[in-house]
Amino acid sequence: MVLWIILPILLSLVSFIGTWSVYGMAYSNNHVCSLSDWSGKNHCRENITQGCCFVPTISGSGTSAPESSLFAATMNAGTFLFLLFTIFHHAHIMERHVCHSMLSKFALAFGLVAAIGAFAAGNCNPGDVTLMHYLGAAVSFTCVCFYTILLTALTGKCVLTGFERFLFPLRIGFTVVQITVTVCYTILFVQEEYFYNHLSAVFEWSLSVNLQVFELTYAVEFFFFSSFMLSNLLSKREEEKPLILSMS
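Residues numbered from 1 in each chain as written. Predicted model: local features only at pLDDT ≥ 70, side-chain atom pairs only at ≥ 80, totals over all residues. Heavy atoms only, no water.

Attention now moves to the packing of aromatic side chains. Tallied over the full model, the rule gives 18 aromatic pairs. On the basis of an interplanar angle of 45° and a centroid distance of 5.5 Å, the ring pair of W38 and F195 is categorised as tilted. You can see W38 sitting in the loop between α1 (6-28) and α2 (58-61) and its partner F195 sitting in helix α7 (residues 194-216), a full 157 residues away along the chain. For F195, a relative accessible area of 42% puts it in the partly exposed group. Each ring, one from Y134 and one from F189, has its centre 5.6 Å from the other, and the planes form 50°; the classification is tilted. You can see Y134 sitting in helix α5 (residues 130-157) and its partner F189 sitting in helix α6 (residues 164-189), a full 55 residues away along the chain. For Y134, a relative accessible area of 34% gives the class partly exposed. For F189, a relative accessible area of 31% gives the class partly exposed. An aromatic cluster of at least three residues, connected via ring pairs, comprises F82, F85, Y147, F214, Y218 and F222. (Phe/Tyr/Trp six-rings, centres within 6.5 Å; stacked < 30°, edge-to-face > 60°. Helix = DSSP H or I, 4+ residues; strand = E, 2+ residues; numbered from the N terminus. Buried < 20%, exposed > 50% of the residue type's maximum accessible area, 1.4 Å probe, protein only.)

Listed below in structure tokens is the structure:
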């Protein structure tokens, strides 16, 4: 059904518009510095916390009120849509290419864990529950890298649309960028100098946009998705229950 393409499009738009709206609110309230300001003259330090701005990371943009509420709402909506995305894509693979079910199940697992990590990061304010926020973010970033690898591998192995010869190299590029930028972001994030912190923020926004465009390319697959694929996946689960009970 053609309407299923709304899911990846909505996922990308909610994430993109939501996060950049949070940044816009934080910047207008002088809670974060501008992404284009590399000087760091107005940057908050240990002895200066008033009348200054913080590094414009995605998390930093959603730390203070009122933008913290929009940040949590964006993360919750994005997490829910991403959860549906991972399940529906798995159902598509199971219906059309059950021979690659194990690879798809691994992808599903990484997708689910990434969603849980994003949910924790979005609902644990970095200013109040710092450890849980950054732990959730770390889990999410790591699992997303593995998830993009597995989804790209499935694109190369499974013919779902007939456009895989275009989608496969495109997604390889997005996956390489996602992994490379995530590694660079992780290394720079722990540095103390403002320049490196600011550069890590730019990398974080870059990997976020890269993931959103990666997800957007799946509008092609979801054009060929049908609701009976999901019902078939659920019916297969029901069929497996008696077998599991008989073996126990």
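Turning our eyes to something else, we now look at the layout of surface pockets. Taken as a whole, the largest pocket spans an internal volume of roughly 470 Å³. Lining the largest pocket we find 19 residues, and of these F54, V55, T57, G60 and Y134 sit closest to its centre. When grouped by side-chain class, the residues that make up the lining of the largest pocket number 6 nonpolar, 12 polar and 1 charged. Lining the second largest pocket are S59, Y134, A137, A138, F141, T142, T182, Y185, T186, F189, V190 and E204. Ranked by the residues each element gives to the lining of the second largest pocket, the list is headed by α5, at 5 residues. A per-class count over the lining of the second largest pocket returns 7 nonpolar, 4 polar and 1 charged. (1 Å grid on protein atoms, 1.4 Å probe; cavity = no way out; pocket = protein on both sides within 12 Å on 5 of 7 lines; lining within 4 Å. Points joined across faces, edges and corners; volume = space filled by probe spheres on them. Nonpolar A, V, L, I, M, F, W, Y, C, P; charged D, E, K, R; others polar.)

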